[in-house]
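# Observations on the model geometry
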Amino acid sequence: MARMPMMAGNWKMNNTISEAVVLTQEIANQYEKKEWDEAVEIVLCTPFVDLKPAKTVLDFDKVKIEVAAQNVYWEPSGAYTGEISVPMIKEIGCAYSIIGHSERRELFGETDETVNKKVKALVAEDLGAIVCVGESLAVREDGSTIEFVTAQVRAAFAGLDADEVAQCVVAYEPIWAIGTGRTATPEQADEVCAAIRATVAEIADEATAEDMRVLYGGSMNPGNVDALLAMENIDGGLIGGASLKAESFVQLIKACL
Ligand code: PGA
């Protein structure tokens with residue numbers, strides 16, 4: 001089966017252009033072509049304004065690290081003041097966009113319906129979505145985590161065929177573990193990631209489910225990464241805080257080697 005792990009840094013609203021160039025260069029300086037290229041797909045999900053500068057650094061140094069957006073609008077162009085379209089990030093060279101991060105769902109009115117529209121817009125342009133799903137503490141405590149998260153997966157991929165689903169990655173991020181220092185146990189995370197994979201098998205097919213990368217996100221750091229990656233259904237991480245320093249992000253990359 002051999003799924004290539006993915007380490008995706010989610011910078012959130014951090015790093016001005018000059019800071020982004022420094023951080024990208026620090027990561028690029030530690031790039032080891034043969035070891036990294038064969039073992040892990042690395043993605044920097046930066047603010048929109050940092051995408052082109054980060055991409056320029058990576059291209060100049062011939063470093064195989066992808067850049068990705070953190071959100072996108074579903075229409076290709078038009079009177080949508082303040083929005084950024086898929087063709088815009090595609091021309092920069094983005095491979096993916098994060099879609100449906102819990103902060104966007106909680107703070108910016110993202111819904112399962114808008115997540116689905118955005119995923120469709122990305123795959124139509126041959127880009128991938130890193131689709132975020134995850135439960136609140138209240139959902140975890142009333143025992144409906146699996147039901148809640150798998151419903152989010154179904155909604156995100158509604159109307160897509162198996163080939164389109166195969167372009168995507170799912171990140172399981174329990175909201176209670178994001179930025180809190182509180183990580184899901186490897187077993188808790190693996191249980192939900194397995195349920196996500198089973199849902200993909202139902203809505204697409206077995207082969208798509210088997211090949212799909214399911215990431216864990218939520219306070220992943222150099223201290224807990226090994227135990228999480230050791231789980232059968234966890235194929236990498238979506239990293240917030242620990243992706244903002246080259247040293248810790250490179251340690252997470254190296255955990256995949
Ligand atoms: P964290 O964020 O690693 O800081 O918990 C993860 C995320 O929100 O993607």
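Before reading further, recall that the structure is shown in the block above.
Residues numbered from 1 in each chain as written. Predicted model: local features only at pLDDT ≥ 70, side-chain atom pairs only at ≥ 80, totals over all residues. Heavy atoms only, no water.

We now examine the layout of surface pockets. Empty space within the largest pocket amounts to approximately 420 Å³. Along the wall of the largest pocket there are 18 residues; nearest its centre are Lys12, Met13, Gln70, Asn71 and Arg104. A per-class count over the lining of the largest pocket returns eight nonpolar, six polar and four charged. Looking at the second largest pocket, its volume works out to about 190 Å³. (1 Å grid on protein atoms, 1.4 Å probe; cavity = no way out; pocket = protein on both sides within 12 Å on 5 of 7 lines; lining within 4 Å. Points joined across faces, edges and corners; volume = space filled by probe spheres on them. Nonpolar A, V, L, I, M, F, W, Y, C, P; charged D, E, K, R; others polar.)

Counted under the stated rule, the structure contains four aromatic pairs. With 5.7 Å between their ring centres and 90° between their planes, Tyr31 and Trp36 make a pair best called edge-to-face. Taken as a pair, Tyr31 and Trp36 share a single burial class, namely buried. Residues Tyr73 and Tyr80 carry aromatic rings whose centres are separated by 5.0 Å and whose planes lie at 45° to one another, so their mutual orientation is tilted. Judged by its relative accessible area of 15%, Tyr73 falls in the buried class. Within the aromatic cluster, the residues linked to one another by ring pairs are Tyr73, Trp74 and Tyr80. (Phe/Tyr/Trp six-rings, centres within 6.5 Å; stacked < 30°, edge-to-face > 60°. Buried < 20%, exposed > 50% of the residue type's maximum accessible area, 1.4 Å probe, protein only.)

Before going further, it helps to examine the packing of helix H8 (residues 145-156) against helix H10 (residues 186-203). Where H8 meets H10, the closest approach of the two axes is 9 Å, and the angle between their N-to-C directions is 40°. Put simply, H8 runs oblique to H10. Of the two possible hands of crossing, H8 and H10 adopt the one that is right-handed. Residue-level contacts link Thr145, Ile146, Val149, Thr150, Val153 and Arg154 of H8 to Glu191, Val192, Ala195, Ile196, Thr199, Val200, Glu202 and Ile203 of H10. For the contact of H8 with H10, the residue count by class is eight nonpolar, three polar and three charged. (Axes fitted to C-alpha atoms, helices over the stretch in contact; angles between N-to-C directions. Helix = DSSP H or I, 4+ residues; strand = E, 2+ residues; numbered from the N terminus. Parallel < 35°, antiparallel > 145°, perpendicular 65-115°, else oblique. Left-handed = near helix turned anticlockwise from the far one by under 90°. Contact = heavy atoms within 4.5 Å.)

Here we take up H10. In this model, H10 (18 residues) spans 26 Å end to end at C-alpha, consistent with the 26 Å of a helix rising 1.5 Å per residue. Every buried residue belonging to H10 is among Pro186, Ala189, Asp190, Val192, Cys193, Ala195, Ile196, Arg197, Thr199, Val200 and Ala201, and all of these are buried. (Expected span 1.5 Å × (residues − 1).)

A word on unusual backbone geometry. Although it is not a glycine, Lys12 adopts a positive phi angle of roughly 55°. Considering the arrangement of structural elements, one finds Lys12 in the loop between strand E1 (6-10) and helix H1 (17-29). Here Ser219, not a glycine, exhibits a phi torsion of approximately 55°, which is positive. Tracing the sequence through the fold places Ser219 in the loop between strand E7 (214-217) and helix H12 (225-229).

A grouping of Asp161, Asp163, Asp205 and Glu206 is seen on the molecular surface, where their side chains present a negatively charged patch. By secondary structure assignment, the location of Asp161 is in the loop between H8 and helix H9 (162-165). (Patch = residues over 30% accessible without salt bridge, like charges linked within 9 Å, V, L, I, M, F, W, Y side chains within 5 Å. Areas by Shrake-Rupley, 256 points an atom, 1.4 Å probe, with all protein chains shown as cover. Salt bridge = Lys/Arg side-chain N within 4 Å of Asp/Glu carboxyl O. Lys, Arg positive; Asp, Glu negative; His and termini not counted. Charge placed at Lys NZ, Arg CZ, Asp CG, Glu CD.)

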